[in-house]
Amino acid sequence: PHRKSFRFSSSMEILMMAAGSFCAIVHGAAQPAVLLVFGAMADTFIEYDIEMQELKDPGKTSLLSFFFFSFFFLFFRLLDIEQEMTKFAGYYAGIGCAILVLGYLQICFWVMAAARQIQKIRKAYFRKVMRMDIGWFDCTSVGELNTRISDDVNKINEAIADQVAIFIQRLTTFVCGFLLGFVSGWKLTLVIIAVSPLLGVGAAAVAKLTGRELKAYAKAGAVADEVLSSIRTVAAFGGEKKEVERYDKNLVFAQHWGIRKGIIMGLFTGYMWLIIFLCYALAFWYGSKLVLEEEEYSPGTLLQVFFGVLVGALNLGQASPCLEAFATGRGAAANIFETIDEKPAIDCMSEDGYKLDKVQGEIEFHNVTFHYPSRPDVKILDNLNMVIKAGETTAFVGASGAGKSTTIQLIQRFYDPSDGMITLDGHDIRSLNIQWLRSQIGIVEQEPVLFATTIAENIRYGRDEATMEDIIKAAKQANAYNFIMELPQQFDTHVGEGGSQMSGGQKQRIAIARALVRNPKILLLDMATSALDNESEATVQEALHQARLGRTAISIAHRLSTIKAADVIVGFEHGKAVERGTHEELLKRKGVYFMLVTLQSKGDTCCHSGTSSEGRENTRCFHPFLLAHFQQIGLHSGDEQGSSVVVEEDVKPVPFTRILKYNASEWPYMVLGSLAAAVNGAVSPLYALLFSQILGVLSTGNSSPVWVNFVSDPLLCGYLFLYNICIYFYTPQGYTFAKSGELLTRRLRKIGFQAMLGQDIGWFDDQKNSPGALTTRLATDASQVQGATGSQIGMIVNSFTNIGVAMIIAFYFSWKLSLVILCFLPFLALSGAVQAKMLTGFASQDKKALEATGQIASEALSNIRTVAGIGKEKMFISNFEKHLDMPYRAAIKKAHVYGLCFGFAQSIVFIANAVSYRYGGFLVDSEGLHYSFVFRVISAIVTSGTALGRASSYTPNYAKAKTSAARFFQLVDRLPKISVYSEKGEKWDDFKGSIEFLNCKFTYPSRPDIQVLKGLSVDVKPGQTLAFVGSSGCGKSTSVQLLERFYDPEKGSLIDGHDTKKINVQFLRSKIGIVSQEPVLFDCSIADNIKYGNNTKEAAMEEVIEAAQKAQLHDFVMSLPDKYETNVGAQGSQLSRGQKQRIAIARAIIRDPKILLLDEATSALDTESEKTVQAALDKAREGRTCIVIAHRLSTIQNADIIAVMSQGLVIERGTHDELMAMEGAYYKLTLLWCSGNCHFSR
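No experiment lies behind these values; they were computed from the predicted model shown.

Engineer: Whenever I open this one, the sheet that holds strand β3 (residues 393-398) confuses me. Can you help?
Structural biologist: Sheet strands pair by backbone hydrogen bonding; their relative direction is either parallel or antiparallel. Spatially, β6-β7-β8-β3-β9-β10 is the arrangement adopted by the six strands of the open sheet, whose pairing is mixed. Both outer strands of the open sheet, β6 (441-444) and β10 (576-581), are each paired with one neighbouring strand and no more. For this sheet, the mean angle separating the axes of adjacent strands, direction not counted, is 20°. The pairing of strand β9 (residues 568-573) with β10 spans five bridges and is antiparallel. Directly across from Glu573, in β10, lies its bridge partner Lys576. Sitting on the sheet, helix α16 (residues 504-516) is in contact with β6 and β7 (522-526), with an inclination near 175° to β6.

In structure tokens form, the structure reads like this:
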């Protein structure tokens, strides 16, 4: 039931809604009250007319009575008509003023109450989502949640605000109208009512369709979100067209529902009018019989009854759009309340559970079995038993997918085990307070997430009450202090969205500082150094080594240097802990660990000499670079905020015709629809004509019953004609406009999405174009543009024909009266315009305010594991709630303005009536205008006035549509510097794959003041392998991005002797395969992910299997229940890192590229997976030009050329042996690395 939508109302809001409802009820009763005045007035007119007729026709009566009559008339009656009219005008004006006040109050109270409730719903929903367990997030896409927070809540708002007040008002009018009918004349009322049940049919279907449409779009929104989040992968594999098609496929569903809804609405409207006109015909035929033949009613009573029932029924009809809003709101509310009511499996904010006084930090797993909730059929941990002693450092080793990271997530209680239990100091962790438990744990992940704020704030996320001293101490412990102090703004440096302004090593160290500032009893290190180059690793490793002292530490690592230092090593295999012991003990056992060690050290027999102290000296050698890297960031983060605000405002308005151009292919629909709408528009004024004709008949007196038949029959024909029109023309109007509108929405969304994917990568670096913001724009902008076309065009055409026909009729019968009434039309128009102006102003404010909350929500939900791990849910919630204040205040302001405009618009009609009837009385008296003409002119113009009102109610939609369209076209018109879709550029047949950087210079467009490459020169011949080495942030990955043409350098990169800037983008990218450090997979099957490598044609299954075999992936896939059809989950979340990496390699292989780019392709893997993947890569490299970026020397040694980079320049180059002989930077890096690992190779 609809009342469920109000479950968040407090007593204050209930009071406001009650007051609003009371005003609405009194307002609703005002219209029928006016009819009493109207009936009496009509009687007065008719009586006057009859008496005038008697005067003109003296033959009827004797002379005496004639004299008496004329005497009586001169003295009493004739003076009376003007005076009577003055009295009636007074009534009208009084009612008008009352309505002004009531209208204002009813809207104001309801809108304010709604704003307060929506505020609560937004808070409650976000609170609950932030409380949900991680398993729930595995099964829910973040894109969908973001859409819910913005769109669905707005739909609830529409269902519980002014619509309710208007609904109550209309319902009251309906009830009072019918009451008036029954009291004044029950016979006629019954006859009319007999027909009216037919009106009640059809509203339910409409509501049902809306919900479906929402669901259908949510899917397409999720696709858009996924694609925009992984735009680099899409670009690298040329998947733009494929993604646009996939998005479009999902849009088709939404379109179908929209069109069906249009047809049903059209049918329903036509059917309503059909019944109404049938009613009219019947009522007037029977009514004139009662007045003229049986003389039961006075003509005024007939009008009161007829209009009472008519106004009642019409208001009932007008109440039906409100029902649609309620239904939509209910659908949206169901989704949101369902989440609000859901009980999280693990409630991270519950106060229950013990908090231990003293924590030793001993963790034990007792027969733990575990499946991920999103994949209940795959067993990850299988009867795992192990003890992690307090104060010791335990390292987990094992192949990827063996369940190491899973155990860490279980210790944090992100999930609960399916069987068995985990204890901390002998207490089952399920019995402990969860916030307390997580506050005892510091975690550093492999891909650390930083939040878009300053470095100091990011570290403070570890512990709220941390002072600046604590932060500095933690930064020193994490070895981050030096690089932070070298930045221009030091601890106040902004790290960018997701930490994008920091290099990997810097992010990792900030994350370690964040973990240390908590002073945790338990430290979890999940591959905390895998993403680093050797030099940063040495630094971070030392930081971690310090950090572990006196704490229970669990470290997952693949590099033996990291593991060797542990007190205990636990070997994992297939979800079980199969061995445990120190490094030496396990080597003797010759089990899992021994195998990993021998595998890894084979690659490392390179170095046999050198001490670690030599290596240490080198630690500072790349720092000037970092300094430079950061000066730019400090400057950069400041500028960005400034610029983003400016752009939002500066959108050039677009001509409406340009929107229609996009709808051009639907012109036959539009023309048909407009014609139908025009015909429908003429119906109301024609009806006014017939109505006054009937009034004219009534004053002829009951001279002969023949009159009745003669008059009623042509009138009946008129009515039949009108109702025929209705049924035939409303349905096509509904269908044609729904069809053209939905096609437009779909086309705009598709074009918008296509335009987004066609932008250069630099555009996505801008904060304004974050995936969340872009997804929201796709959802809202296109549907708002449709709000200005589609069914709205029908409304406008309808209104204009209505006004046109009405004016012709009015001026034809009495131009003087018409002019007087016309004076009031500007007021009507004005109130409409003011309202529109206000609402659009509010809309843009709301949008701004809500974008801020959208960003907070998006950041929190995308990184929910990090947020949960550091227990910062409450902070995000309070931040979100703080930003909700602005839209709330705007809504309150809106309530007053909107209420005033509404009251004014409602009351002006009554004031206009007062004046026009008063003047009409004067004309009847002085110029002998027939009274039926007075009614004819007034009713014609009033109907056209309401039509004008309808047209002006359209202006807010139109204004919204114009701003949305402007934003949309700004995107479509933007010419990217590197256009994916253009056919321009060089292509050639014998693509060899030689690469040359000649004094190459480059700066990132989002950080124009810092040069990243300062004259890079290096070349590779076809088929050779070039390896880049160097500290983090020296421009290695940048050079790879230039080859892909994600960016263009200022000058100096050549492929096969052609300048990359001049090569066709698609052609170039089709020759390059890339495997990156954190490969992005799409939410579809493994086979589809591999096929993604070749988007030019549909790859056969054989090719997929062949690529999988080359990538050492085939056997693993065949072991899964669904084999190649297994869904990898959002961003590949259902797979381990090694598995993701191999899928990415298969994806690159199926492309059959001439150039292979490997950006840290194995860094995230454990030794065993690394061997497999490395073998796969070596196979893939055969016969191709290859560029490798790696931090592990085993990966680099066999390269034909090794280039050592520093600060955007190559400082040494040659083969491994040549560089070792030079004893320069490479030699030192090698020693640094080996000092940790050589131990085994001896």
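Engineer: How do you make sense of unusual backbone geometry when you look at a structure like this?
Structural biologist: Phi is positive for Asn999, close to 45°, though the residue is something other than glycine. Structurally, Asn999 can be placed in strand β11 (residues 995-1003). Take Asn999: its relative accessible area is 33%, and that puts it in the partly exposed class.

Engineer: Sorry, what's going on with the pattern of salt bridges here?
Structural biologist: Note that side chains of opposite charge can pair when their charged atoms are close. In total, this model carries 20 salt bridges according to the counting rule given. The salt bridge partner of Asp248 is Arg746, with a shortest N-O separation of 2.8 Å. Note that Asp248 is positioned in helix α9 (residues 240-293) and Arg746 in helix α25 (residues 705-758), a separation of 498 residues in sequence. A relative accessible area of 21% means that Arg746 is categorised as partly exposed. The closest approach of N and O atoms between Arg413 and Asp416, which form a salt bridge, is 3.0 Å. Overall, Arg413 belongs to the buried group, its relative accessible area being 10%. A network of salt bridges, in which partner residues are shared, links Glu245, Asp248, Arg746 and Lys750.

Engineer: I'm lost on the nonpolar core in this one. Help?
Structural biologist: Soluble globular proteins tend to pack their nonpolar side chains together in the buried interior. Membership of the largest hydrophobic core comes to 101 residues, with the highest contact counts inside it found for Met130, Ile363, Phe365 and Leu424. No other element matches helix α2 (residues 63-131), which puts 14 residues into this core. Setting aside residues no more than four positions away along its own chain, Ile363 makes contact with Met386, Val387, Ile388, Ile411, Ile422, Thr423, Leu424, Ile522 and Ile554. Counting residues in hydrophobic clusters, the runner-up holds 64 residues, among them Ala42, Phe277, Ala283 and Tyr687.

Conventions we followed
- Residues numbered from 1 in each chain as written.
- Predicted model: local features only at pLDDT ≥ 70, side-chain atom pairs only at ≥ 80, totals over all residues.
- Heavy atoms only, no water.
- Pairing = 2+ DSSP bridges.
- Helix = DSSP H or I, 4+ residues; strand = E, 2+ residues; numbered from the N terminus.
- Axes fitted to C-alpha atoms, helices over the stretch in contact; angles between N-to-C directions.
- Contact = heavy atoms within 4.5 Å.
- Buried < 20%, exposed > 50% of the residue type's maximum accessible area, 1.4 Å probe, protein only.
- Salt bridge = Lys/Arg side-chain N within 4 Å of Asp/Glu carboxyl O.
- Core = buried A, V, L, I, M, F, W, Y, C linked by side-chain atoms within 4.5 Å.

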